Amino acid sequence: MNNDKITNKVIEWLQEDEDTNISDLNSETDTESEHSNHDTESEQSGNSDSDNTHTPASNNLLNTPCYVGKDGTKWLMHKPQTTKTARQNIITKLPGVKGERDCPPTNFEEILAFFGLLYLAGVKKAQHFNTDELWSTDGTAPEFFSATMSKRRFHTLVQAIRFDDRNSRLERKKTDNLAPIRYIFDQFLKSCIESYTISEYATIDEMLEAFRGRCKFRQYIANKPAKYGIKIYALVDARTFYTSNMEIYAGKQPPGPFQKDNSAACVVKRLIEPIDKSGRNITMDNYFTSVPLANELYANHRLTIVGTLRKNKREIPPEFTNIKSRPLQSTMFAYGQHTNNSLLCSYVPKKNKNVLMLSTMHRDDYIDPDSGDLKKPEVITFYNLTKGGVDVVDRLKSEYSVTRISNRWPFTIFCSLLNIGAINSQIIYKTNTNDIFTRRQFLTDLCKILTKPHLLKRATIPSLGLSIRQKIQNITGFQAAPKENTPQGKPRCTYCPIRKNRFTQHQCSLCSKPICKEHTASTNLICLICNNPQDSDD
């Protein structure tokens, strides 16, 4: 803003105050400048030209005395009061040598080995350990980690791993909040759906991947152990606990192909695509269950549901929510009037407790005899048996988790995919082979299979240390061929016996064979055979 604009702005401010006079203000400021206690002569000493003498003046905007240059530049007499750090003094890049980083490129075998170490860290329950403990040299760390790769290389892979093309990420994020992980996530789901067919009973529920970093769609769920994290909806087999389909809650997506309705009913209809019109049953909690959704799944998708209902649903009769006059362990049933495909149930297990159930699978008011004095309806017994599919997967994931502490939400989701992938792969392996493996043993064997190609390749590095080479031999049983103990550039003498192990740097000038001094016939470096050909003929 130049001086004319400043003057005009000051005049506007002064005109708003009826009691202020511009001339009086100018006279007051001149008086204040003349009586300033600041020593102006000392600061202008050394300049004898009267034209160059700077006279003190006041800053009309800040009411602070200042000096004025010949071109109108103003300099405050006193230091301005501020606590903010100047923007120009904020350093965002650490000092150091510029140029390419000394980081060798990775390959397919090394990435598999990296995944194997993550699984092994999960087996050792070391997801929250400092990596110094896994690569310790005091004999307390497993030798598998240091044999596979160095600690520095492991850190480099953790920091550098990405799951999409960084060059096109900004463009893709305009239409998709999940752009950094979208491709890997979709490919993983495609493989899960194509590899296994779930049983007749499925469960739909939500997972929460613990994460407290910056993420626009991070959620807070009070009844989850992690409280804060990334919410993932999942379709899981209620019997084998195989995860068939998932969907990440990404908040409100930008306009485009990934903009979807996040209502519970729409989420369920997207998750059931792998089992659509297959005649299966889905168990859900009261977040997903509703009467319109149950009727639609039954009529249009040939699927039944069993789920709890919230008491504020408009379809529930008042008699089912008023339990003050009802005895304990009593049950009320109601049936769909038009479609005759739904069962509504109200059960009172204890005082002031009402369990509302909706089922399109059950047809009668059967009481489970195995419940004894509790007199539970069969629909509640079935719900209790099949509701925990997603909860069991969550428990299995946390038991041997590969997750590392990270502030990057795509890496957190990827670690969750590794955990789910290990669970699904064990289910598929058990189905194909009928072998009984503990989960710990299966993950250990998986780690060895993933790291073996990289270990064998690393064992062939000539400069590899002897201790590392010995560790690789202990793990894989691979032993590199022993090197011939021959000095560099010094072959053995052709005519000396091998037991003498006599090396030489001389050769025959005629036949070019290595010869030692004992088998040299003359000073011209000619071997005995070339010097006396008749001996060779005899």
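Residues numbered from 1 in each chain as written. Predicted model: local features only at pLDDT ≥ 70, side-chain atom pairs only at ≥ 80, totals over all residues. Heavy atoms only, no water.

Moving on, we get to the side chain of T283. Mapped onto the elements, T283 comes out in strand β8 (residues 281-284). Given a relative accessible area of 1%, T283 falls into the buried group. A polar contact is formed between the side chain of T283 and the side chain of T386, at a distance of 2.7 Å. Residues contacting T283, with those up to four places away along its chain left out, are A202, T203, I204, V306, F382, Y383, T386 and K387. (Helix = DSSP H or I, 4+ residues; strand = E, 2+ residues; numbered from the N terminus. Buried < 20%, exposed > 50% of the residue type's maximum accessible area, 1.4 Å probe, protein only. Polar contact = N/O pair within 3.5 Å; in protein donor to acceptor, adjacent residues only side chain to side chain. Contact = heavy atoms within 4.5 Å.)

For a regular strand, the rule is simple: side chains alternate between the two faces of the sheet. Buried residues dominate strand β4 (residues 201-210), accounting for nine of its 10 residues. Here β4 runs beside β8; their pairing, made up of three bridges, is parallel. Of the residues in β8, the one forming a bridge with A202 is I282. Across nine bridges, β4 lies against strand β6 (residues 228-237) in antiparallel orientation. When the sheet's bridge partners are listed, E209 is paired in β6 with I230. (Pairing = 2+ DSSP bridges.)

Scanning all chains against the criterion turns up 14 aromatic pairs. With 6.0 Å between their ring centres and 50° between their planes, F114 and F115 make a pair best called tilted. By relative accessible area, F114 is classed as buried at 0%. Judged by its relative accessible area of 16%, F115 falls in the buried class. Put simply, the rings of F114, F115, W135, F145, F154, F163 and F414 touch in pairs and so form one group of aromatic residues. A cation over an aromatic ring shows up here: K231 above the ring of Y249, its NZ or CZ 4.9 Å from the ring centre. (Phe/Tyr/Trp six-rings, centres within 6.5 Å; stacked < 30°, edge-to-face > 60°. Lys NZ or Arg CZ within 6 Å of the ring centre and 35° of its normal.)

Following both chains from N to C, one finds helix α10 (residues 264-271) and helix α11 (residues 291-300) inclined at 25°, their axes separated by 10 Å at the closest point. In terms of orientation, α10 and α11 fall into the roughly parallel class. At the point where α10 passes α11, the crossing takes the right-handed sense. Each of A265, V268 and K269 in α10 lies in contact with α11, whose residues at this interface are L293, E296 and L297. For the contact of α10 with α11, a count of residues per class yields four nonpolar, no polar and two charged. (Axes fitted to C-alpha atoms, helices over the stretch in contact; angles between N-to-C directions. Parallel < 35°, antiparallel > 145°, perpendicular 65-115°, else oblique. Left-handed = near helix turned anticlockwise from the far one by under 90°. Nonpolar A, V, L, I, M, F, W, Y, C, P; charged D, E, K, R; others polar.)

Turning our eyes to something else, we now look at the confidence of the model for the chain. Do not read the fine detail of predicted coordinates wherever pLDDT is low. Residue-level pLDDT values for the chain average 84, and 83% of them are 70 or greater. Taken together, the stretch residues 16-61 has pLDDT below 50 and engages in 49 contacts with residues farther than four places along the chain or on a different chain. (pLDDT = per-residue confidence, 0-100.)

Turning next to the nonpolar core. F114, I204, M246 and W409 are the most contacted members of the largest nonpolar core, which has 93 residues in total. It is helix α15 (residues 409-433) that contributes the most residues to this core, 11 residues altogether. Leave out the neighbours within four places in its chain, and F114 touches M149, F154, L157, V158 and I161. Judged by nonpolar contacts, the second largest core, of 10 residues, contains Y201, C345, Y347 and F382. (Core = buried A, V, L, I, M, F, W, Y, C linked by side-chain atoms within 4.5 Å.)

This part is about the environment of C103. Locating C103 in the fold gives a position in the loop between β3 (74-76) and α4 (108-123). Contacts of C103, omitting those with residues within four sequence positions, involve R153 and T156.

This next bit is on the packing of α4 against helix α16 (residues 439-459). Two numbers describe how α4 lies on α16: the axes approach to 8 Å, and their chain directions differ by 150°. Of the possible angle classes, the one that applies to α4 and α16 is roughly antiparallel. Two packed elements cross with a definite hand, and for α4 against α16 that hand is left-handed. Across the interface between the two elements, E109, E110, L112, A113, F115, G116, L117, Y119, L120 and V123 from α4 touch R440, L443, T444, L446, C447, L450, T451, P453, H454 and K457 from α16. Tallied by class, residues from the contact of α4 with α16 come to 12 nonpolar, four polar and four charged.

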